[in-house]
2 protein chains.
Amino acid sequence: MSEPIEFFFDPASTYSYLAATQIEAFAKQHGTTVRWKPFLLGKAFEATGNKMPALVPAKGKYLFKDAALWARLYKVPFAFPKNFPLNSVLASRATIAASHAGQGVPFALAMFKAYWAEGQDLSLPEAVAAVARSVGLDGDALLAAAASQPVKDELRSNTEDAIARGVFGAPTFFIGKQMFWGNDRLPLMAAFINGELA
Amino acid sequence: MSEPIEFFFDPASTYSYLAATQIEAFAKQHGTTVRWKPFLLGKAFEATGNKMPALVPAKGKYLFKDAALWARLYKVPFAFPKNFPLNSVLASRATIAASHAGQGVPFALAMFKAYWAEGQDLSLPEAVAAVARSVGLDGDALLAAAASQPVKDELRSNTEDAIARGVFGAPTFFIGKQMFWGNDRLPLMAAFINGELA
């Protein structure tokens, strides 16, 4: 059994969505598991001086087309959100609350799909509650839990941990101390797990 | 026969080196060919507002380790250059001159290795002449050709063409109109060539 994969993601991040659609099957294929860790990418940008790629127009234009190609490769739906960028604090806290309720991964996947494929505005509590109900959770209870101090603290802690360990973008994976940045690092991670990079 | 792959690269770019070590075998495997196109990445940064990733310290720290992992994956030598960043104008012009002399690809590969694995300072004419001699070219003749107006014009033209087509980083590949940015896009390019993204 390999070390678990820590998966740091932000609901507002395109490539976090793409990676989220793959990471559980990837981990299973490589005999390991995933620890899903929502964090606030905006705080990592502030702490490191990194910036949203879309702030460089030529890069933003390319990355939109690039993400659509990855979605086709992965055979997952993709439609650029109407409300971009997303203030993802609520969605991130809700993902943690769903995890405490035993539905972290199904909620995270449904949440990502609602924003990155179905045009839902996840800054709205009702939209988040609808995602909760779609995975068998009580919407109002989830919203209440998302506003609780332990959940707020866990999101802050995830974010501080990520920044302290060198995270400047999303998604970011750790396998032990080894960090991998980007959906496009899955092949390199596979080689790492298989001992090909030793 | 697929469309040729246009490979825009800058000798100063880490991931251009890594991609350069793979692209000929990649093209052959996928039934196509490569057009090697040196361009001035710094001019693309100026034109688009993009910046060297190493200017974000956390990103620079990660990317150095990341590049070392890719080098292990590819089984190619890698040692971070002492003289970084490189003013790559001379090396880029020399690559074009070597191409005119029928040794473009061998020169480009030797040039990349000299800088990214052997610690040579390719801003020095003598270092560039030594690379030329290593691939059977006359060093002095290559330096003279690299200073000629047609070679200067071709580098400027490659750079203007790249910027006009949306290039903001290196390496950047085109297959027809489809652009791919980064050494890490080779798997996506393979899927594109194989018709999996249609």
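A. A look at the layout of surface pockets. In this structure, the second largest pocket spans a volume of roughly 340 Å³. Along its surface, the second largest pocket is lined by 16 residues, and Arg165, Lys177 and Met179 of chain A together with Lys61 and Lys65 of chain B are the ones closest to its centre. Going through the elements one at a time, α8 (149–164) and β4 (178–181) of chain A together with α3 (57–74) of chain B are the ones with two or more residues in the lining of the second largest pocket. Counting residues per element, the lining of the second largest pocket draws most heavily on α3 of chain B, which supplies seven residues. Classifying every residue of the lining of the second largest pocket by side-chain character gives eight nonpolar, three polar and five charged.

B. Representation of the sheet that holds strand β1 (residues 5–9) of chain B in the model. Residues and elements named next belong to chain B. Strand order across the open sheet formed by four strands is β2-β1-β3-β4, with mixed pairing between neighbours. A strand with exactly one partner marks an edge of an open sheet, and here the two such strands are β2 (34–38) and β4 (178–181). Taken pair by pair, the neighbouring strands of this sheet meet at an average axis angle of 20°, ignoring direction. As paired elements, β1 and β2 share five bridges and run parallel to each other. Within β2, the residue paired with Phe7 across the bridge is Trp36. Docked against the sheet, helix α9 (residues 186–193) engages β1, β3 (172–175) and β4, running at close to 0° with respect to β3.

C. Up close: the side chain of Ser16 of chain B. Looking at where Ser16 of chain B falls in the secondary structure, it is placed in helix α1 (residues 14–29). Other than its neighbours up to four places away in sequence, Ser16 of chain B contacts Phe7, Phe9, Asp10, Phe112, Ala170 and Pro171 of chain B.

D. Summary view of the interface of chain B and chain A. Contacts between the two partners involve 28 residues from chain B, matched on the other side by 28 residues from chain A. Both sides together, the interface formed by chain B and chain A hides about 2700 Å², and carbon and sulfur atoms give 66% of it. Across the contact surface, chain B and chain A share four salt bridges. At the boundary of chain B and chain A, one finds 10 residue pairs in polar contact (both at pLDDT 80 or more). Examining the composition of the side of chain B that touches chain A, we find that 10 residues originate from one element, α3 of chain B, more than from any other.

E. Region of the structure containing helix α8 (residues 149–164) of chain B. Residue and element names in this part refer to chain B. With 16 residues, α8 ought to run about 22 Å at 1.5 Å a step, and its terminal C-alpha atoms sit 22 Å apart, in line with that. Burial in α8 covers these residues: Val151, Leu155, Asn158, Thr159 and Ala162. Down the axis of α8, the smallest arc covering the buried residues is 95°, so these residues share one side. The exposed residues of α8 that point more than 90 degrees off its buried face are Pro150, Glu160 and Ala164. Among the structural elements, β1, β2, α2 (41–48), α4 (89–100) and α7 (139–146) are those in contact with the buried residues of α8. A positive backbone phi angle near 100° is found at Gly166, which sits one or two residues after α8.

F. How the structure looks around the environment of Phe9 of chain B. Residue and element names in this part refer to chain B. Tracing the sequence through the fold places Phe9 in strand β1. Taking the C-alpha atoms as reference, Phe9 lies 8.1 Å from Leu40; in sequence the two are 31 residues apart. If near-sequence neighbours (up to four positions away) are discounted, Phe9 is found in contact with Ser16, Trp36, Lys37, Pro38, Phe39, Thr95, Met111 and Phe112.

G. Inspection of the pairing of strand β1 (residues 5–9) of chain A at higher detail. Residue and element names in this part refer to chain A. Of all five residues making up β1, five are buried, and the element is well covered by its neighbours. Here β1 shows a buried face lined by Ile5, Phe7 and Phe9 and a second buried face lined by Glu6 and Phe8. Taken together, β1, helix α1 (residues 14–29) and strand β2 (residues 34–38) constitute a β-α-β crossover, and its handedness is right-handed. Here β1 runs beside strand β3 (residues 172–175); their pairing, made up of four bridges, is antiparallel. Along β3, the bridge assignment pairs Glu6 with Phe174.

H. Structural context of the pattern of salt bridges. Counted by the stated rule, this structure contains 16 salt bridges over all chains. A salt bridge links Asp66 of chain B to Arg185 of chain A; its shortest N-O distance comes to 2.8 Å. On the criterion of chain membership, the pair formed by Asp66 of chain B in helix α3 and Arg185 of chain A in the loop between β4 and α9 (186–193) is interchain, its members lying in two chains. Assigned by exposure class, Asp66 of chain B and Arg185 of chain A land together as buried. Here Arg185 of chain B ties to Asp184 of chain B by a salt bridge, and the two come within 3.1 Å at their closest N and O atoms. Since its relative accessible area comes to 3%, Arg185 of chain B is described here as buried. Through salt bridges with shared partners, one network takes in Asp66, Asp184 and Arg185 of chain A together with Asp66, Asp184 and Arg185 of chain B.

I. Layout of the sheet that holds β4 of chain A. Residue and element names in this part refer to chain A. The four strands lie next to each other as β2-β1-β3-β4, forming an open sheet whose pairing is mixed. If you trace the sheet from one side to the other, it starts and ends with β2 and β4, each paired once. Direction aside, neighbouring strands of the sheet carry axes that sit 20° apart on average.

J. The arrangement of the packing of aromatic side chains in detail. Residue and element names in this part refer to chain A. On inspection of all chains with the given rule, the structure shows 40 aromatic pairs over all chains. Ring centres of Trp70 and Tyr74 lie 5.8 Å apart, and the angle between their planes is 50°; this geometry places the pair in the tilted category. Here Trp70 and its partner Tyr74 are both found in helix α3 (residues 57–74), four residues apart, which amounts to about one turn of the helix. Residue Trp70 is classed as buried on the basis of its relative accessible area, which comes to 4%. In textbook terms, an aromatic cluster arises when at least three aromatic residues are bridged by ring pairs, as seen for Phe7, Phe9, Tyr17, Trp36, Phe112 and Phe173. If you follow Arg165 out to its NZ or CZ, it ends over the ring of Phe174, 4.0 Å from the centre.

So, how was this worked out
- Residues numbered from 1 in each chain as written.
- Chains lettered and ligands numbered in written order.
- Predicted model: local features only at pLDDT ≥ 70, side-chain atom pairs only at ≥ 80, totals over all residues.
- Heavy atoms only, no water.
- 1 Å grid on protein atoms, 1.4 Å probe; cavity = no way out; pocket = protein on both sides within 12 Å on 5 of 7 lines; lining within 4 Å.
- Points joined across faces, edges and corners; volume = space filled by probe spheres on them.
- Helix = DSSP H or I, 4+ residues; strand = E, 2+ residues; numbered from the N terminus.
- Nonpolar A, V, L, I, M, F, W, Y, C, P; charged D, E, K, R; others polar.
- Pairing = 2+ DSSP bridges.
- Axes fitted to C-alpha atoms, helices over the stretch in contact; angles between N-to-C directions.
- Contact = heavy atoms within 4.5 Å.
- Buried area = accessible area lost by both parts, 1.4 Å probe.
- Salt bridge = Lys/Arg side-chain N within 4 Å of Asp/Glu carboxyl O.
- Polar contact = N/O pair within 3.5 Å; in protein donor to acceptor, adjacent residues only side chain to side chain.
- Expected span 1.5 Å × (residues − 1).
- Buried < 20%, exposed > 50% of the residue type's maximum accessible area, 1.4 Å probe, protein only.
- Arc of directions from axis to C-beta.
- Right-handed = clockwise from strand over helix to strand, strands pointing away.
- Phe/Tyr/Trp six-rings, centres within 6.5 Å; stacked < 30°, edge-to-face > 60°.
- Lys NZ or Arg CZ within 6 Å of the ring centre and 35° of its normal.

Any functional reading would require information beyond the geometric quantities listed.
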